[in-house]
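So you can see what is in the structure, the chains are spelled out below.
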Amino acid sequence: VSSDFHAVLTQLAAADPHRLLDLGAGHLVLPVVLPLLAAFLVQPLTRVSVALGRLLGPAVLVSSAWILVRLWVGFGDSPFVAAIGGFAAPLGIVFYGDKLALLFALLVPLLGLLFWPGIGVNTGGDPGARRDALTLLLVGSSTGLALSGDLFNIFVFYELAAVASYGLVSVTGTPRAQVATLRYLLIGSLGSVLALVGISIVYIQTGTLNLAHLAKLAPQLLQGPLGLSAFALMLFGFGVKAELFPFNSWVPEVYATAPARVSAFLAGLVSKLAVLIVVRLLVLVFRQPEAHQILILLGTLGMLSAEFAAWRAVDFPRMIALSSAGQLGVVFVAFAIDGDFGIVAGLAVALHHLMVKSALFSLSERWTGSIEMLKGAASRAPLAAALFVLFALSLVGMPPLPGFWTKLLVLVGLAEGGSKLELLAMLAVLVTTALESSYLFRVGIRLYDGSPSTMGPPARWDTGVAALFGALLLVVTAAVSPVGELLKGVASQANDQSLYVNTVFPKTVAREY
Amino acid sequence: VDPLPQVLVLTAIVIGVGVEAMAVAMLVRVYRVYGTLEMGALRTRMERDMAEAAGYFAPASSDAPAGGRPLPPVPQTVRIGARLVHTEQGRGVQS
């Protein structure tokens, strides 16, 4: 033992101190593991020192964001794989890091920091620690969703994210929040069961749950009605979180009763991660045209139903919640467009929605209540009102703003597809744009109504977050073509099935399976 | 033997039990406040509470009888096991 110890010591002494900071592919696990570990450490640590307990969460988020940035820079353009515990796929579980996965994985801790529940409000003690723990669980499992390359692992992270979000949504403790959470929980459990049945069908057919392995086997084993039903079941299951049409009835009530920052995080990011899983399934496993048609159909129905409901909504949080469900419909339709173009359009809509809707939810922090009560709020909160108008314009698709380009991409893609279903979806996008402008400007007009306002301005931190997203939106407006090139790079890599398979199974190993 | 199905089933059971425990905890808390577990009634009350919190009155359905149908009153006490627990309504009357 002592000689072993000695050997380790000499190795450590010989190691270049700079090399110790170098990150290998294995470090891809850290952004998932660190928040999960911290989630269980927050409460004991708060017993010891309240200040340390409150610092732990943000510190972990900063470090996981830093690790992800280092990995992205370190590996450059080529995707890489982290085999958990050293067991290579298909026996073990892998994390897959391409640009798409890293982009969303990086957004998780960043948005987690912006919407950290303890920042900018005075809370302390035990409930704060419990909420921090739940937020860390949600962050850890969401990062896992973005990176995971295995259906089993995705299912577990999805459930973990679901349970953490049930806790966070009901954190205000008001009776209405609890009823909303209960209804959310029932729909969510139904979704999990459907997803699990879908995963079981895939397993029965192929004998594996590794996405890369499935990509190789799918052309023989997952064609026809059985494969399609497996896809539909998983789509419904993961669609609960992605606010997909038949399962989005929880959206308005949950986002209206949950704390605004939780709504911002769930609507902004977690819904997109569920979409990301569906996209991975679509690109790697289910390449049938029928799968795309289901997606377009449900997306169109979701878009129309949610936008009409938003048009009729009378309170601000429910209006933007329903509008979020409608936008997710557009995201699904965009991803259903064939080829790289569809992925680019889908990514553009998803990222645009992420910026705008997160910011709108942070504005709704204090602007809860009916739209009539927002009358004249601009006089008390000029910056927040101006930001609202900016986001509304971009959401509707006013030409120089990024929202215009995203809608243009979707419309052009659908027009090029040209099937009846796609043209119908195109019509729906145009109709909902009219609806969106109608209800968003109804709010805008109320905000700038001259009457004296009773509504206080949003909290400083939340206005700051919204302003940050607003600034980002303007930067993207100025730099549309570089951002477009970036998205094209991400999309062509994400849409490359053989790259995924060859990265997970390097050539030497590939022969054995 | 492929261990994957066993692992999948076990994990699903564990997760299922966890979610069920959470659902039961929610049910108890909701029952303490509203004194009912009927999902329809709970939904109506939630919508009303949300409307009240937002500062407007929930628009009645067009099929509702004129004058509106009053909600059944929230009971003042509910029975949880052998214990009799006051709902929020009951506490409000007492104090």
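Whatever comes next refers back to the structure up there.
Residues numbered from 1 in each chain as written. Chains lettered and ligands numbered in written order. Predicted model: local features only at pLDDT ≥ 70, side-chain atom pairs only at ≥ 80, totals over all residues. Heavy atoms only, no water.

Asks: Requested: an account of the overall build of chain A, with residues and values cited.
Replies: If you tally the helices and strands in chain A, you get 23 helices and 2 strands. For chain A, whose C-alpha radius of gyration is 23 Å, the value lies close to the compact-globule estimate of 24 Å for 513 residues. With the C-alpha coordinates of chain A rotated into their principal frame, the extents come out at 80 × 60 × 45 Å. Taking the intrachain contacts of chain A between residues at least 6 apart in sequence as the baseline, contacts between residues at least 24 apart amount to 81%. Of the roughly 19200 Å² that chain A leaves accessible, carbon and sulfur atoms contribute 70%. The positive charge centre, built from 29 side chains, and the negative charge centre, built from 26, are 7 Å apart in chain A. (Helix = DSSP H or I, 4+ residues; strand = E, 2+ residues; numbered from the N terminus. Rg over C-alpha atoms; globule rule 2.2 N^0.38 Å. Contact = heavy atoms within 4.5 Å. Areas by Shrake-Rupley, 256 points an atom, 1.4 Å probe, with all protein chains shown as cover. Lys, Arg positive; Asp, Glu negative; His and termini not counted. Charge placed at Lys NZ, Arg CZ, Asp CG, Glu CD.)

Asks: Account for helix 18 (residues 402–417) of chain A, with residues named and values stated.
Replies: All names here are of chain A. Helix length check: helix 18 (16 residues) gives 23 Å between terminal C-alpha atoms against 22 Å at 1.5 Å per residue, within 8%. Along helix 18, the residues classified as buried are Pro402, Gly403, Thr406, Lys407, Val410, Leu411, Gly413 and Leu414. Of the surrounding secondary structure, the elements contacted by the buried residues of helix 18 are helix 14 (316–335), helix 15 (339–363), helix 17 (382–396), helix 19 (420–447) and helix 20 (460–478). Just downstream of helix 18 lies glycine 418, where phi reads positive at about 75°. (Expected span 1.5 Å × (residues − 1). Buried < 20%, exposed > 50% of the residue type's maximum accessible area, 1.4 Å probe, protein only.)

Asks: Explain the pattern of salt bridges to me, and be specific about the residues and the numbers.
Replies: Residue and element names in this part refer to chain B. Taken as a whole and judged by the stated rule, the model has 8 salt bridges over all chains. In this structure, arginine 43 engages glutamate 47 in a salt bridge whose closest nitrogen and oxygen atoms are separated by 3.9 Å. Placement of both arginine 43 and glutamate 47 in helix 2 (residues 39–54) is noted, with a separation of 4 residues, approximately one turn of the helix. Classification of glutamate 47 as partly exposed rests on a relative accessible area of 26%. (Salt bridge = Lys/Arg side-chain N within 4 Å of Asp/Glu carboxyl O.)

Asks: Tell me what's going on with the layout of surface pockets, and back it up with residues and numbers.
Replies: Residues and elements named next belong to chain A. Put simply, the second largest pocket is a space of about 1000 Å³. Leu351, Val476, Val483, Gly484 and Leu487 are, among the 36 residues lining the second largest pocket, the residues nearest its centre. Secondary structure elements with two or more residues in the lining of the second largest pocket: helix 5 (99–114), helix 15, helix 18, helix 20 and helix 21 (480–494). With 10 residues, helix 21 is the single largest residue contributor to the lining of the second largest pocket. Residue composition of the lining of the second largest pocket, grouped by class: 27 nonpolar, 5 polar and 4 charged. (1 Å grid on protein atoms, 1.4 Å probe; cavity = no way out; pocket = protein on both sides within 12 Å on 5 of 7 lines; lining within 4 Å. Points joined across faces, edges and corners; volume = space filled by probe spheres on them. Nonpolar A, V, L, I, M, F, W, Y, C, P; charged D, E, K, R; others polar.)

Asks: Tell me about the nonpolar core, and please be specific about residues and values.
Replies: All names here are of chain A. Membership of the largest hydrophobic core comes to 200 residues, with the highest contact counts inside it found for Phe104, Phe286 and Trp367. For this core, the element with the highest residue contribution is helix 12 (residues 260–285), accounting for 19 residues. Look past the residues within four positions of phenylalanine 104 in its chain and what remains in contact with it is Ala146, Leu269, Lys272, Leu273, Leu276, Leu347 and Leu351. (Core = buried A, V, L, I, M, F, W, Y, C linked by side-chain atoms within 4.5 Å.)

Asks: Before we move on, can you summarise empty space enclosed by the protein with the specific residues and values?
Replies: Residues and elements named next belong to chain A. Within the structure shown, the criterion is met by 6 cavities of 30 Å³ or more. Approximately 50 Å³ is the volume found for the largest cavity. What lines the largest cavity is Leu145, Ala146, Ser148, Ile154, Leu211, Leu276, Ile277 and Arg280. Within the residue set of the lining of the largest cavity, elements represented by two or more residues are helix 6 (125–147) and helix 12. In terms of residue count, helix 12 provides more of the lining of the largest cavity than any other element does, 3 residues in total.

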